[in-house]
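What the coordinates show
Listed below are the residues making up each chain.
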Amino acid sequence: MESTAATAALEGRYAALRASASELDSEELLDVIELAQREKDAASARQAVALAHLSARDCHVQEDGTSAEVDHGLGYQRLDGPELAAPRLGVSAHVATNRILDAIRQLTRTPAVVDAMASGDLDEQRARTVTEETEFLSPESAAEVVDRVKDVWGQLTVGPLRQLLARTAAQVDPDAVTAHAEDERARRGLTRRVGVHGTDHWRGDFRVEQARGAWAAVTERARQLVREGKADTLELARADAMMELILEHSDVKVVIHATRAANNDTTTAPVTDSDNDTDTSTEEQPTGASAPGATGAADPATAPPTAAAAAATTGAAEDLVEVGGLGAPGTTFVRRDWLDNTGTSDPGTGPDLRQRHRCPRAR
């Protein structure tokens, strides 16, 4: 009942604002904006407390067969906590897990940020920044850093606040900062996530002495591409420049092809891209007694996907173009938009896809 009453009160305030917003002057609207932000901050604090305490409780079966909740104290991570909280938060279990972990860290390591959110003096993003930037410190050092910056953290945006926390941490515990810096450098790496519509997403952490030189090289080449009219923006040009610089100094070969059956007597088997472990093309394979090593007709339950699946993998059937000379058995098809603007499928005049996907040998 209390939750329902609170929701009704919020809806009433919203309706009142909608009805009168056009009559408010700028200063009054700014007051509404500020008040709403403070209310959001306070709500974030209440939610963090509830999430951390939810995770601290767990159900245990008693000797008489009944279940009872046991409070293990803040810091305990209940296994089914994310699954319980996710529907209430309207997020995935993965996101709920991170929200719970953030709440636990804030309540156990930097409780002052939760108090500041509750009073509307600190928003959720800056509160998270304080907790993240002091996580590698001991509890005592983290508390001292928080105590030194709490008078000004509400006046700084995230970037300057992060810098202030780093400087303060170096003053409070320089040895911990040095060790943390070495750990961060050791955790350098590059990851790749397959995107949609023919894009990939890369994320990398590099040593600064190498990254600055590489960034300068990419930017210089990107500026040339913009001047030559090969890219509209510097950001877009940097992506092209980075790929160009990498591929010109590589000696690898990637051939992308797709096939589909000429009749209903054959099926297709997916070919796996070894770099990404996802089906990027399909290749024609005979089935039944004629297949190498086969002793009878293919089992329908274990047979590879049909030719229609090949078209689904690379695009609609009408978007496929027949191309020869890619080294694949049978009839080879590729996406029409992979070809040049002529749309030709003649291997003698059309683009050489093998060359397009082969990185030239380093000179």
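Residues numbered from 1 in each chain as written. Predicted model: local features only at pLDDT ≥ 70, side-chain atom pairs only at ≥ 80, totals over all residues. Heavy atoms only, no water.

**Brief notes about the pattern of salt bridges**
A side chain of one charge can pair with a side chain of the opposite charge if their charged atoms are brought near each other. Under the defined criterion, the tally for this structure stands at 19 salt bridges. With its nearest N and O atoms 3.6 Å apart, the salt bridge here joins Asp121 to Arg38. One end of the pair, Asp121, is in the loop between α5 (111–118) and α6 (124–133); the other, Arg38, is in helix α2 (residues 26–56), with 83 residues separating them in the sequence. By relative accessible area, which is 42% here, Asp121 ends up partly exposed. Here Arg192 and Asp200 are joined by a salt bridge, their closest N and O atoms 2.5 Å apart. Take Arg192: its relative accessible area is 34%, and that puts it in the partly exposed class. Salt bridges sharing common partners tie together Asp102, Arg105, Glu124, Arg128 and Glu135. (Salt bridge = Lys/Arg side-chain N within 4 Å of Asp/Glu carboxyl O. Helix = DSSP H or I, 4+ residues; strand = E, 2+ residues; numbered from the N terminus. Buried < 20%, exposed > 50% of the residue type's maximum accessible area, 1.4 Å probe, protein only.)

**Looking at the side chain of Ser44**
Take Ser44: it is sitting in helix α2. Contacts of Ser44, omitting those with residues within four sequence positions, involve Met117 and Glu124. (Contact = heavy atoms within 4.5 Å.)

**Details of the nonpolar core**
In this structure, Val113, Leu122, Val130 and Trp153 are the most contacted members of the largest nonpolar core, which totals 31 residues. Looking at this core, the elements that each hand over two or more residues are α2, α3 (81–89), α4 (93–109), α5, α6, α7 (139–149) and α8 (158–172). Ignoring sequence-local partners within four residues, the contact set of Trp153 consists of Ala112, Val113, Ala116, Leu122, Arg126, Val130, Val146 and Leu161. Val218, Ala222, Ala231 and Ala237 belong to the second largest nonpolar core, which has six residues in total. (Core = buried A, V, L, I, M, F, W, Y, C linked by side-chain atoms within 4.5 Å.)

**Things to note about empty space enclosed by the protein**
For the structure on display, the rule yields one cavity of 30 Å³ or more. Estimates place the volume of the largest cavity at around 120 Å³. Around the largest cavity, the lining residues are Ser44, Gln47, Ala48, Leu51, Arg99, Asp102, Ala103, Gln106, Met117, Glu124 and Arg128. Contributions of two or more residues to the lining of the largest cavity are made by α2, α4 and α6. (1 Å grid on protein atoms, 1.4 Å probe; cavity = no way out; pocket = protein on both sides within 12 Å on 5 of 7 lines; lining within 4 Å. Points joined across faces, edges and corners; volume = space filled by probe spheres on them.)

**Description of the environment of Ala85**
With respect to the helices and strands, the residue Ala85 is situated in helix α3. On a C-alpha basis, the gap between Ala85 and Thr97 in space is 8.7 Å, while along the polypeptide they are 12 residues apart. Not counting residues within four places of it along the chain, the set of residues in contact with Ala85 comprises Leu51, Leu54 and Ile100.

**Comments concerning α3**
The set of residues buried in α3 consists of Gly81, Pro82, Ala85, Ala86 and Leu89. The buried residues of α3 occupy an angular sector of 120° when projected down its axis, which confines them to one face. Across α3 from its buried face, at more than 90 degrees, point the exposed residues Pro87 and Arg88. As for α3, its buried residues are in contact with α2 and α4. Note on α3: the residue one or two positions beyond its end, Gly90, has a positive phi of about 75°. (Arc of directions from axis to C-beta.)

**Here's the deal with the confidence of the model for the protein chain**
Here the protein chain averages 78 in pLDDT, while 69% of its residues score no lower than 70. Scored below 50 in pLDDT, residues 271–315 shows 78 contacts in the model against residues more than four places distant or in partner chains. Note on residues 323–332: pLDDT under 50 across the span, and 28 contacts to partners over four residues away in sequence or across chains. (pLDDT = per-residue confidence, 0-100.)

**A look at the layout of surface pockets**
Taken as a whole, the second largest pocket holds about 340 Å³ of empty space. Lining the second largest pocket are Ser3, Ala6, Thr7, Leu10, Arg13, Glu39, Ala42, Ala43 and Arg46. Elements with a minimum of two residues in the lining of the second largest pocket: α1 (2–20) and α2. Among the elements that line the lining of the second largest pocket, the one with the most residues is α1, at five residues.

**Things to note about unusual backbone geometry**
Although it is not a glycine, His197 sits at a positive phi angle of roughly 60°. Residue position: His197 is located in the loop between β3 (189–194) and β4 (200–205).

**What about helix α10 (residues 208–227)?**
Across its 20 residues, α10 extends 28 Å between first and last C-alpha, which sits within 8% of the 28 Å expected from 1.5 Å per residue. Those residues of α10 that are buried are in contact with α11 (234–247). (Expected span 1.5 Å × (residues − 1).)

**Things to note about a negative patch on the surface**
Among the surface-exposed residues, Asp25, Glu27, Glu28, Asp31 and Glu34 lie close enough to one another that they form a single negatively charged patch. For Asp25, the position within the fold is in the loop between α1 and α2. The class of Asp25 is partly exposed, set by a relative accessible area of 42%. (Patch = residues over 30% accessible without salt bridge, like charges linked within 9 Å, V, L, I, M, F, W, Y side chains within 5 Å. Areas by Shrake-Rupley, 256 points an atom, 1.4 Å probe, with all protein chains shown as cover. Lys, Arg positive; Asp, Glu negative; His and termini not counted. Charge placed at Lys NZ, Arg CZ, Asp CG, Glu CD.)

**Re a nonpolar patch on the surface**
A contiguous nonpolar patch, built from Leu190, Trp202, Phe206, Met242, Ile246 and Leu247 and spanning about 570 Å² of accessible area, is present on the exposed surface. A per-element tally of the nonpolar patch places α11 first, with three residues. Turning to its location among the elements, Trp202 is positioned in strand β4. The class of Trp202 is partly exposed, set by a relative accessible area of 42%.

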